[in-house]
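Next come the chains, spelled out residue by residue.
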Amino acid sequence: MGAAQGKEMTHQQREAILKQLNGKFSTQEINHLLGVFKGKSSIKKPEFKAGIKQIYVRFQNPCFSEECSDAVFEMFDKDHSGTVEISEIATGLIALSSSEPAERIELAFSSFDINGDGSVSKKELQTKVKQLLKICCSVAEKEAVSNLEKGKKDWEVLMEFSPILDSLAEFLQKSLVESILKSADSNQDGSISKEEWSQAASDPNVAKLMDPYASTHLFKGFYKEVAELEKNKTPHDQILQALIDKAGLKVSVDEVKNKKKK
């Protein structure tokens, strides 16, 4: 549960964290984590975003990269208070560093269960998917600008690239949610329970959303792909499908559009 910004960690809290992390990380890694947040027991989002850069340097886990910081913060902030406890960060670090899928499944479910009622509603799923796709667009645009072709300006690149990204994100905001609900909502009650979420974890679309790096880098490397497709005058819907396939998502543009016509 979140607490006031800047609250110092008590001796008991520090001992609890050491016990929680013991055996999961080395002593140096544990001390690094505690040092990053300067002995505080609760951390606001700006502090977390600044600290995660240092965590990434130490742990070298792509989930802790700067681009993932918003998504990771939401995952760690289980009670959605806007503040994460150091214990929540420790729990999250263990889950994201673990090879055990159950821990990641639990962490992702808590992130999507925004109101904490034990299930993920369609509205909650829509909210989280929209947030993640927004980050995906930002990451892809940043990547495109950082790899400018000789003689091109960043605004020229964005004018060419951003419209197709926006179109893709708009399409996926609806179709991805419907696909996940179809796969995970086994009893068709309009929401996803924790058990249903776990059972659907092998679904490619659900699996992508459970990984902070994958879910925020769905559009990585798309700029060159889009440039090539547009150069070949590929129809719009075929461009969308090619990008969806490249992202590793299982959504059919034709099926979605044909369904709308019925």
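Analysis parameters
Residues numbered from 1 in each chain as written. Predicted model: local features only at pLDDT ≥ 70, side-chain atom pairs only at ≥ 80, totals over all residues. Heavy atoms only, no water. Salt bridge = Lys/Arg side-chain N within 4 Å of Asp/Glu carboxyl O. Helix = DSSP H or I, 4+ residues; strand = E, 2+ residues; numbered from the N terminus. Buried < 20%, exposed > 50% of the residue type's maximum accessible area, 1.4 Å probe, protein only. Phe/Tyr/Trp six-rings, centres within 6.5 Å; stacked < 30°, edge-to-face > 60°. 1 Å grid on protein atoms, 1.4 Å probe; cavity = no way out; pocket = protein on both sides within 12 Å on 5 of 7 lines; lining within 4 Å. Points joined across faces, edges and corners; volume = space filled by probe spheres on them. Nonpolar A, V, L, I, M, F, W, Y, C, P; charged D, E, K, R; others polar. Core = buried A, V, L, I, M, F, W, Y, C linked by side-chain atoms within 4.5 Å. Contact = heavy atoms within 4.5 Å. Expected span 1.5 Å × (residues − 1). Axes fitted to C-alpha atoms, helices over the stretch in contact; angles between N-to-C directions. Parallel < 35°, antiparallel > 145°, perpendicular 65-115°, else oblique. Left-handed = near helix turned anticlockwise from the far one by under 90°.

Engineer: Explain the pattern of salt bridges here, please?
Structural biologist: Pairing between side chains of opposite charge can happen when the charged atoms of each approach one another. Under the criterion given, the structure shown has ten salt bridges. Across the pair Lys49 and Asp70 runs a salt bridge, and its minimum N-O distance is 3.2 Å. In this pair, Lys49 is assigned in helix α3 (residues 45–59) and Asp70 in helix α4 (residues 69–76), connecting sequence segments 21 residues apart. Its relative accessible area of 30% is what places Lys49 among the partly exposed residues. With its nearest N and O atoms 3.2 Å apart, the salt bridge here joins Asp211 to Arg104. Here Arg104 lies in helix α6 (residues 101–112) and Asp211 lies in the loop between α10 (204–209) and α11 (212–216), a separation of 107 residues in the sequence. Three or more residues joined by partner-sharing salt bridges are found here, namely Lys45, Lys49, Asp70 and Glu74.

Engineer: Explanation requested: the packing of aromatic side chains in the structure shown.
Structural biologist: Aromatic rings considered in pairs are described by the distance between their centres and by the relative angle of their planes. What the rule picks out here adds up to seven aromatic pairs. Ring geometry for Phe109 versus Trp197: centroids 6.0 Å apart, planes at 70°, classification edge-to-face. Of this pair, Phe109 sits in helix α6 while Trp197 is found in helix α9 (residues 194–199), placing the two residues 88 residues apart along the sequence. Each member of the pair Phe109 and Trp197 is classed as buried. Taken together, a centroid distance of 5.4 Å and an interplanar angle of 80° make the contact between Phe161 and Tyr223 edge-to-face. Of this pair, Phe161 sits in helix α8 (residues 154–184) while Tyr223 is found in helix α12 (residues 222–231), placing the two residues 62 residues apart along the sequence. The exposure class assigned to Tyr223 is buried, which follows from its relative accessible area of 10%. Of the aromatic side chains, those joined through ring pairs into one cluster are Phe37, Phe48, Phe73 and Phe76.

Engineer: Mind showing me how you'd approach the layout of surface pockets here?
Structural biologist: Once rolled over the atoms, a probe with the size of a water molecule shows which space is left empty. Here the largest pocket defines a volume of roughly 440 Å³. Lining the largest pocket are 13 residues, and of these Ser175, Glu178, Ser179, Val256 and Lys259 lie nearest its centre. Mapped onto the lining of the largest pocket, the elements with two or more residues apiece are α8 and α14 (253–261). Here the lining of the largest pocket is composed, by residue class, of two nonpolar, four polar and seven charged. Taken as a whole, the second largest pocket encloses approximately 160 Å³ of empty space. Those elements giving two or more residues to the lining of the second largest pocket turn out to be α4 and α7 (122–146). When residues in the lining of the second largest pocket are grouped by element, the largest group, five residues, is from α7.

Engineer: Can you help me understand the nonpolar core in this one?
Structural biologist: Across soluble globular proteins, nonpolar side chains have a tendency to be buried as a group. Counting 80 residues, the largest nonpolar core has Phe48, Phe76, Ile89 and Phe219 as its most contacted members. The biggest single contributor to this core is α8, with 13 residues. Once residues lying within four places of it in the same chain are set aside, the contact partners of Phe48 are Phe37, Ile43, Ser69, Val72, Phe73, Phe76, Val84 and Ile89.

Engineer: Explain helix α5 (residues 86–97) to me, please; I cannot follow it from the model alone.
Structural biologist: Residues lying three or four places apart along an α-helix face the same way, a consequence of the helix completing one turn every 3.6 residues. Relative to the 16 Å expected for twelve residues at 1.5 Å per residue, α5 spans 16 Å between its end C-alpha atoms, a close match to the ideal helical length. Across the twelve residues that make up α5, a large majority, nine, are buried. Restricting attention to buried positions, one finds in α5 the residues Ile86, Glu88, Ile89, Ala90, Gly92, Leu93, Ile94, Ala95 and Leu96.

Engineer: Just to check I follow, could you spell out the packing of α5 against α6 for this structure?
Structural biologist: How two helices sit against one another is set out by the angle between their axes and by the gap between those axes. Their axes nearest at 8 Å, the elements α5 and α6 cross at an angle of 130°. With respect to α6, the axis of α5 lies oblique. When the axes of α5 and α6 are compared, the crossing they make is left-handed. In contact with Gly92, Ile94, Ala95 and Leu96 of α5, α6 contributes Glu103, Arg104 and Leu107. The residue makeup of the contact of α5 with α6, split by class, is four nonpolar, one polar and two charged.

Engineer: Quick question: what am I supposed to make of the packing of α8 against helix α13 (residues 236–246) here?
Structural biologist: Put simply, α8 and α13 touch, their axes get as near as 11 Å, and they point 75° apart. Overall, the two elements α8 and α13 adopt an arrangement that is roughly perpendicular. Taken together, the residues of α13 that come into contact with α8 (itself represented by Ile164, Ser167, Leu168, Phe171 and Leu172) are His236, Ile239, Leu240, Leu243 and Ile244. In terms of residue class, the contact of α8 with α13 is built from eight nonpolar, two polar and no charged.

Any functional reading would require information that these geometric values do not contain.
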